[in-house]
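# Results of the structural survey
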Amino acid sequence: MSRIGRLPITIPAGVDVSVDENARKVIVKKNSTELSYVYDKTLSVSKEENMIKVTRSSDDPKIKALHGLARTLIANMVKGVTDGFEKKLVIEGVGYRAAKEGKKLVMNLGYSHDVVMEEIPGITIEVPNPNNITIKGAEKDKVGQFAADVRSKRPPEPYKGKGIRYLGEVIVLKEGKSGKK
């Protein structure tokens, strides 16, 4: 059995989980946040008291992979509605800065124009200071993809480290040109 897939998922207090076997769908709700996942027909999901268990029909390698994936996605949905996910970005460089205007993230990244990104549904953007951006949301994949999209507007360059990087990301700087000998 899959080592990840066989682990049960604990449902915290205040989270409502419903499993529809006919539609092969799991719905996780808390307050106004609702996430859903349609699982593969080779898997079965059951809810017992405050636990969710995912089981598979056979030991085929593809089904084993789907088993662990489904369990992880359901666990991420439970964590997303309770705590949420966040990514923090840091802007390095002279004159580089970010600001929030309504539901738009406006960044000055050294181009001749400002880079504007619209906040997508399910994601909230915070700019605590001009050099930090915090992206929060209930869906892990949306938070990560939006953070990657923001970072791609000016990735860190390898000589001075200027650009947008994740908080804690290490940029290995290259040595510049050396003079003639």
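Since this is a predicted model, take the numbers as computed values, not measurements. (Residues numbered from 1 in each chain as written. Predicted model: local features only at pLDDT ≥ 70, side-chain atom pairs only at ≥ 80, totals over all residues. Heavy atoms only, no water.)

## What about the nonpolar core?
Ranked by size, the top nonpolar core spans 21 residues in total, and within it Val-17, Val-26, Val-28, Val-45, Ile-52 and Ile-74 carry the most contacts. Listing elements by their share of this core, those giving two or more residues are β3 (25–30), β4 (33–38), β5 (43–48), β6 (51–56) and α1 (61–82). Among the elements that take part in this core, α1 stands out by supplying seven residues, more than any other. The next biggest cluster of nonpolar side chains, apart from the first, holds 19 residues, and it includes Leu-89, Ile-91, Tyr-96 and Ile-135. (Core = buried A, V, L, I, M, F, W, Y, C linked by side-chain atoms within 4.5 Å. Buried < 20%, exposed > 50% of the residue type's maximum accessible area, 1.4 Å probe, protein only. Helix = DSSP H or I, 4+ residues; strand = E, 2+ residues; numbered from the N terminus.)

## What about the side chain of Thr-134?
Within the fold, Thr-134 resides in strand β12 (residues 132–137). Aside from chain neighbours lying at most four places away, what touches Thr-134 is Glu-86, Lys-87, Lys-88, Thr-124, Ile-125, Glu-126 and Pro-128. (Contact = heavy atoms within 4.5 Å.)

## Some remarks on the packing of aromatic side chains
Summed over the entire model, instances satisfying the criterion amount to zero aromatic pairs. Over the aromatic face of Tyr-166 sits the side chain of Lys-87, whose NZ or CZ is 5.3 Å from the ring centroid. Here the basic side chain of Arg-154 rests over the ring of Tyr-111, its NZ or CZ set 4.3 Å away from the ring centre. (Phe/Tyr/Trp six-rings, centres within 6.5 Å; stacked < 30°, edge-to-face > 60°. Lys NZ or Arg CZ within 6 Å of the ring centre and 35° of its normal.)

Interpretation in functional terms is not warranted from these geometric data alone.
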